[in-house]
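Fold and geometry: a report
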Amino acid sequence: MAAYDPKNVFAAILKGQLPSHKVYEDELTYAFMDIMPRADGHVLVIPKAPSRNILDIEPEDLAAVARTVKKVAMAARETFRADGVTILQSNEPAAGQVVFHTHFHVLPRWNGVELRPGGQEVADPEVLARQAEQLRKALEGC
């Protein structure tokens with residue numbers, strides 16, 4: 001397995017070098033809107049500590065990310081009145097991982113609505129900002 005690249009796009013977001021639409025943040029995790037969403041309300045949850053993927057993440061960081069994934073999933077389901085939520089996580093290129101910083105996708109889902117293709121269309125920043133605000137309100141006090 002290759003080494004962690006501290007210049008990856010998610011590391012740059014954590015360092016404030018790239019913008020993001022923050023949904024939730026705590027001491028160990030950061031959640032933000034995916035700029036190329038496969039579903040309305042698509043959120044990414046990442047650990048703040050560097051790790052390439054689930055194969056090298058520290059157990060404490062993985063547990064923290066899992067707690068945040070659950071909070072975000074529950075908020076997304078309620079906020080967007082989704083029928084369900086898909087959680088996606090890929091490890092290494094053969095599995096479809098593109099950004100090599102551990103991350104989980106939280107995708108609200110509706111019956112009869114297919115996921116959009118990944119990585120093909122950048123969403124309107126105003127739409128992402130509105131969705132992030134809705135989710136932040138739902139997550140207040142979590």
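In short, a report on the structure. This one's a predicted model, so the numbers in the text were calculated from it and none came from an experiment.

With that settled, consider the overall build of the chain. The number of helices and strands found in the chain is three helices and five strands. Reading the helices (α) and strands (β) of the chain from amino to carboxyl end gives α-β-β-β-α-β-β-α. Taken along the three principal axes of its C-alpha coordinates, the chain extends 40 × 35 × 25 Å. In the chain, buried positions account for 41% of the 142 residues. A separation of at least 24 residues holds for 64% of the contacts in the chain among residues at least 6 apart in sequence. Only carbon and sulfur atoms are counted for the fraction: they give 53% of the accessible area of the chain, which is about 7900 Å².

Val23, Val43, Val45 and Leu135 are the most contacted members of the largest nonpolar core, which totals 20 residues. Looking at this core, the elements that each hand over two or more residues are strand E1 (22-25), strand E2 (29-33), strand E3 (43-47), helix H2 (59-79), strand E5 (104-109) and helix H3 (125-139). With residues near it in sequence (within four places) discarded, Val23 still touches Ala31, Phe32, Met33, Val43, Ala132, Leu135, Arg136 and Leu139. Membership of the second largest hydrophobic core comes to seven residues, among which are Ile13, Tyr30, Leu44 and Ile46.

Here we come to the layout of surface pockets. Considering only enclosed or pocket space, the largest pocket measures out at about 730 Å³ in volume. Around the largest pocket, the lining comprises 30 residues; the ones closest to its centre are Phe10, Asp34, Met36, Leu44 and Val99. Among the elements of the structure, helix H1 (9-14), E2 and H3 are those that each provide at least two residues to the lining of the largest pocket. Looking at the lining of the largest pocket element by element, the count peaks at three residues for H1. In terms of residue class, the lining of the largest pocket is made up of 17 nonpolar, 11 polar and two charged. Estimates place the volume of the second largest pocket at around 180 Å³.

On to the pattern of salt bridges. When the charged atoms of two side chains lie near each other, side chains of opposite charge can form a pair. Applying the stated criterion to the full structure yields five salt bridges. Among the ionic pairs, Arg52 bridges to Glu92, the shortest N-O distance being 2.9 Å. One end of the pair, Arg52, is in the loop between E3 and H2; the other, Glu92, is in the loop between strand E4 (84-88) and E5, and 40 residues separate them in sequence. Through salt bridges with shared partners, one network takes in Lys22, Glu25 and Lys48.

About the thresholds
- Residues numbered from 1 in each chain as written.
- Predicted model: local features only at pLDDT ≥ 70, side-chain atom pairs only at ≥ 80, totals over all residues.
- Heavy atoms only, no water.
- Helix = DSSP H or I, 4+ residues; strand = E, 2+ residues; numbered from the N terminus.
- Buried < 20%, exposed > 50% of the residue type's maximum accessible area, 1.4 Å probe, protein only.
- Contact = heavy atoms within 4.5 Å.
- Areas by Shrake-Rupley, 256 points an atom, 1.4 Å probe, with all protein chains shown as cover.
- Core = buried A, V, L, I, M, F, W, Y, C linked by side-chain atoms within 4.5 Å.
- 1 Å grid on protein atoms, 1.4 Å probe; cavity = no way out; pocket = protein on both sides within 12 Å on 5 of 7 lines; lining within 4 Å.
- Points joined across faces, edges and corners; volume = space filled by probe spheres on them.
- Nonpolar A, V, L, I, M, F, W, Y, C, P; charged D, E, K, R; others polar.
- Salt bridge = Lys/Arg side-chain N within 4 Å of Asp/Glu carboxyl O.

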